[in-house]
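Take a look at the letters that make up each chain.
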Amino acid sequence: MSQEKFLEPWQLRAAFARSLSDMYGKEVPAYTTLLEVSHEVNADFVATHGADAERLGSIDRVTAERHGAIRVGTPVEIAQVARIFGAMGMHPVGFYDLRDASSSSVPVISTAFRPVDRDELARNPFRVFTSMLVPGDRRFFTRDQERRLDEFLGARRLFGPELLRLADRAEAEGGLPAVEAAEFLRLATQAFELSREPVDQAWYRELEAVSAVAADIGGITSTHINHLTPRVLDIDDLYARMTARGITMIPAIQGPPRWEGPDVLLRQTSFRALAEPRTFRTPDGQVVEDSLRVRFGEVEARGIALTRAGRAAYDTAVAELDERAAGTTEAERQRIGREIWHRTFPVTETALADQGLGYFTYELTSDDGGRGDDGGPGVGAGRGDDGGSASHDRPGDAGAPAGARAPRVIRTPVVYEDFLPRSAAGIFQSNLTEEGAKDAGQTGAERDDDWMAGALGRDLNDPFELYARQVQRSLQAAATTLGVAPE
Ligand code: OOG
Ligand code: NI
């Protein structure tokens, strides 16, 4: 018995990401095409860029890397989601209010479940953007609709008792034995499959008139994975190759423009999934075949995490871009974007670090052997930069053992592990068939990070604090090695 294989949270997480990916590939064939093209793009990128290609994550990590998106209806449901992901070492990070993230808005608030420690992220960074309906927001729903939503959502059960029991056990015991792990993964995957249950047509269409997202959440008795997103190292290349294969992408890549300087934060693009057959129950009790377009394919490229100052600069830049590019072509938007970027961000990583705009960790390495120049992923800091002088500074003689060569400081960018509310709202919106209706004259419902933490019954991590902690730990470790006090 004691010899039985035991799966730790990260192994459950990696296995769950694979299992969901297999399931989604069967349900949405275009996703399989997307994976194929993503692999081609990444293989070519690594072939042409060598070790530089892996500065923001090893190729193994990037190849397995996915994010998913799910949507639930109530605090009870999101607290259950937190237990299931908690079993996999995924914790709630960040608060996103998509009700007024941009001109396009949807009646949800969100968080992301993901690993928070550097080692855990390196093992498998699977993350799930999780949105929750706000039926009490009067800009979207009437009091009567709120009451009927509460009733409908209160009567459904998304996650069965056995799944939740196994989740709690895994979280309490730090994993599960193989047999229980297999059952947990089977039930968890099943919970996110698209249900073939007939949909109440009148109710679904009523909610759809408010928001297609509201109908997708509150109009059906189950939940489902809404999209599963692979990561690529060159999203412009991916976009071109998908288009060449005849897949119509949304007109833009969301997030920062392509430019000469360092990639920051997150760039994403998507394509609409085909309509999927669904059965509806009509008001007179008939079951009819129809179709729904709710799911889609998305792909992303990740860049360097920005500090609060860097993020503020980014938000200002995006606001200016939106204003100036309104109504122009995509090519023109890209041109204006590059122009604003050149004014906002330095073109080198060194300057990004020096100006305190991006997060970087600092590791010591000796000139000979170990994590030398020919070392593995994440070691080639300064390459592809402006000569990398700052990243190769020698920290003087401080603490260097006599006779040994002075260690060098290697600077490595911290990859952005989170999401962007404007892009998220854009991704939601660009894939919806109906505009929906929001009455800006009505009052919303107060929702913030504390409210979300209360609903989850867990602490909500602040993304900036997590990045800063990574940096702090690297400095602490370097200082300990050198026998000096950290700055
Ligand atoms: C979530 C949309 C947000 C992203 O990548 O920004 C998202 C959804 O469609 O439910 O996944
Ligand atoms: Ni997404």
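Above: the structure in question.
Quick look at the structure, then. If you're wondering where the values come from, they're calculated on a predicted model, not measured in any experiment. (Residues numbered from 1 in each chain as written. Chains lettered and ligands numbered in written order. Predicted model: local features only at pLDDT ≥ 70, side-chain atom pairs only at ≥ 80, totals over all residues. Heavy atoms only, no water.)

1. Observations regarding the site of ligand 1
Reasoning step 1: Near ligand 1 the following residues occur: His67, Ala69, Arg71, Phe129, Asn226, His227, Gln268, Phe296, Glu298, Phe419, Ala424 and Phe428.
Reasoning step 2: One of the side-chain N or O atoms of Arg71 is found 2.8 Å from an oxygen atom in ligand 1.
Reasoning step 3: In the environment of ligand 1, an oxygen atom lies 2.9 Å from a nitrogen or oxygen atom belonging to the side chain of His227.
Reasoning step 4: In the complex, 100% of the free accessible area of ligand 1, which totals 310 Å², lies under the protein chains.
Reasoning step 5: The cavity where ligand 1 resides is the largest cavity.
Reasoning step 6: Elements represented by at least two residues in the shell around ligand 1 include exactly β2 (66–72), β12 (296–302) and α15 (421–430).
Reasoning step 7: Here the shell around ligand 1 is built from residues that sort into six nonpolar, four polar and two charged. (Near = heavy atom within 4 Å. Polar contact = N/O pair within 3.5 Å; in protein donor to acceptor, adjacent residues only side chain to side chain. Areas by Shrake-Rupley, 256 points an atom, 1.4 Å probe, with all protein chains shown as cover. 1 Å grid on protein atoms, 1.4 Å probe; cavity = no way out; pocket = protein on both sides within 12 Å on 5 of 7 lines; lining within 4 Å. Sits in = over half its atoms within 2 Å of the grid points. Helix = DSSP H or I, 4+ residues; strand = E, 2+ residues; numbered from the N terminus. Nonpolar A, V, L, I, M, F, W, Y, C, P; charged D, E, K, R; others polar.)

2. Here's the deal with the sheet that holds strand β11 (residues 287–292)
Reasoning step 1: Pairing within the open sheet is mixed, and its three strands lie in the order β7-β10-β11. Across the chains shown, the open sheet's two edge strands, defined by having one partner strand only, are β7 (199–200) and β11.
Reasoning step 2: Bridging between strand β10 (residues 276–281) and β11 involves six bridges; their strand directions are antiparallel. Residue pairing for β11: Arg278 is matched across the bridge by Asp290. (Pairing = 2+ DSSP bridges.)

3. Topic: the nonpolar core
Reasoning step 1: Core analysis: the biggest nonpolar cluster contains 48 residues, and Phe16, Phe85, Met88, Phe159, Phe184 and Phe192 have the highest contact counts within it.
Reasoning step 2: Sorting elements by how many residues they give to this core places helix α1 (residues 9–27) first, with seven residues.
Reasoning step 3: With residues near it in sequence (within four places) discarded, Met88 still touches Pro9, Leu12, Arg13, Phe16, Phe184 and Ala188.
Reasoning step 4: Core analysis: the next-biggest nonpolar cluster, separate from the first, contains 30 residues, Val264, Leu306, Leu352 and Tyr416 among them. (Core = buried A, V, L, I, M, F, W, Y, C linked by side-chain atoms within 4.5 Å. Buried < 20%, exposed > 50% of the residue type's maximum accessible area, 1.4 Å probe, protein only. Contact = heavy atoms within 4.5 Å.)

4. Observations concerning the coordination of the nickel ion (ligand 2)
Reasoning step 1: Those protein atoms acting as donors to the nickel ion (ligand 2) are His67 (NE2), His227 (NE2) and Glu298 (OE), and they sit at 2.1 Å.
Reasoning step 2: For the nickel ion (ligand 2), the single-chain donor residues occur in sequence as H-x159-H-x70-E. Residue His227 is found in strand β8 (residues 227–230), and its partner Glu298 is found in strand β12; the two are separated by 71 residues along the sequence. Just as His227 is buried, Glu298 falls in that class too. (Donors = N, O, S within 2.8 Å, 3.2 Å for Na, K, Ca; no water.)

5. A word on empty space enclosed by the protein
Reasoning step 1: Tallying each qualifying case throughout the model produces four cavities of 30 Å³ or more.
Reasoning step 2: In this structure, the largest cavity encloses a volume near 150 Å³.
Reasoning step 3: Taken together, 17 residues line the largest cavity, and the ones lying closest to its centre are Ala69, Phe129, His227, Ala424 and Ile427.
Reasoning step 4: Counting residues per element, the ones that place at least two in the lining of the largest cavity are β2, β5 (127–133), β12 and α15. (Points joined across faces, edges and corners; volume = space filled by probe spheres on them.)

6. Some points on the side chain of Arg127
Reasoning step 1: Along the polypeptide, Arg127 turns up in strand β5.
Reasoning step 2: Polar contacts involving the side chain of Arg127 include one to the side chain of Glu65, which spans 3.2 Å.
Reasoning step 3: Filtering out sequence-adjacent residues up to four positions away, Arg127 remains in contact with Arg61, Glu65, Arg66, His67, Gly68, Met90, Phe113, Arg114, Glu300, Arg302, Glu417 and Phe419.

7. Brief notes about the environment of Arg278
Reasoning step 1: Tracing the chain through its elements places Arg278 in strand β10.
Reasoning step 2: Here Arg278 is in contact with Leu194, Ser195, Val199, Ile220, Val288, Glu289, Asp290, Ser291, Leu292 and Val294, once residues within four sequence places are set aside.

8. Considerations on the packing of aromatic side chains
Reasoning step 1: For the structure on display, the rule yields 17 aromatic pairs.
Reasoning step 2: Pairing Tyr204 with Phe280 gives two aromatic rings, centres 5.9 Å apart and planes at 80°, and the pair type is edge-to-face. Here Tyr204, found in helix α9 (residues 201–210), pairs with Phe280, found in strand β10; they are 76 residues apart in sequence, far enough to count as distant. For the residue pair Tyr204 and Phe280, the accessibility class agrees, reading buried in each case.
Reasoning step 3: What links up through ring pairs into an aromatic cluster is the set Phe16, Phe85, Phe113, Phe126, Phe159 and Phe192.
Reasoning step 4: Against the face of Phe360 rests Arg411, its NZ or CZ located 5.1 Å from the ring centre. (Phe/Tyr/Trp six-rings, centres within 6.5 Å; stacked < 30°, edge-to-face > 60°. Lys NZ or Arg CZ within 6 Å of the ring centre and 35° of its normal.)

9. Describing the packing of helix α2 (residues 29–49) against helix α11 (residues 235–244)
Reasoning step 1: The interhelical angle for the contact between α2 and α11, taken along N-to-C directions, is 135°, at an axis separation of 10 Å. In terms of orientation, α2 and α11 fall into the oblique class. Relative to α11, α2 is oriented so that their crossing is right-handed. Taking contact as the criterion, the partners of Leu34, Val37, Ser38, Glu40, Val41 and Asp44 in α2 are, on α11, Asp237, Leu238, Arg241 and Met242.
Reasoning step 2: When grouped by side-chain class, the residues that make up the contact of α2 with α11 number five nonpolar, one polar and four charged. (Axes fitted to C-alpha atoms, helices over the stretch in contact; angles between N-to-C directions. Parallel < 35°, antiparallel > 145°, perpendicular 65-115°, else oblique. Left-handed = near helix turned anticlockwise from the far one by under 90°.)

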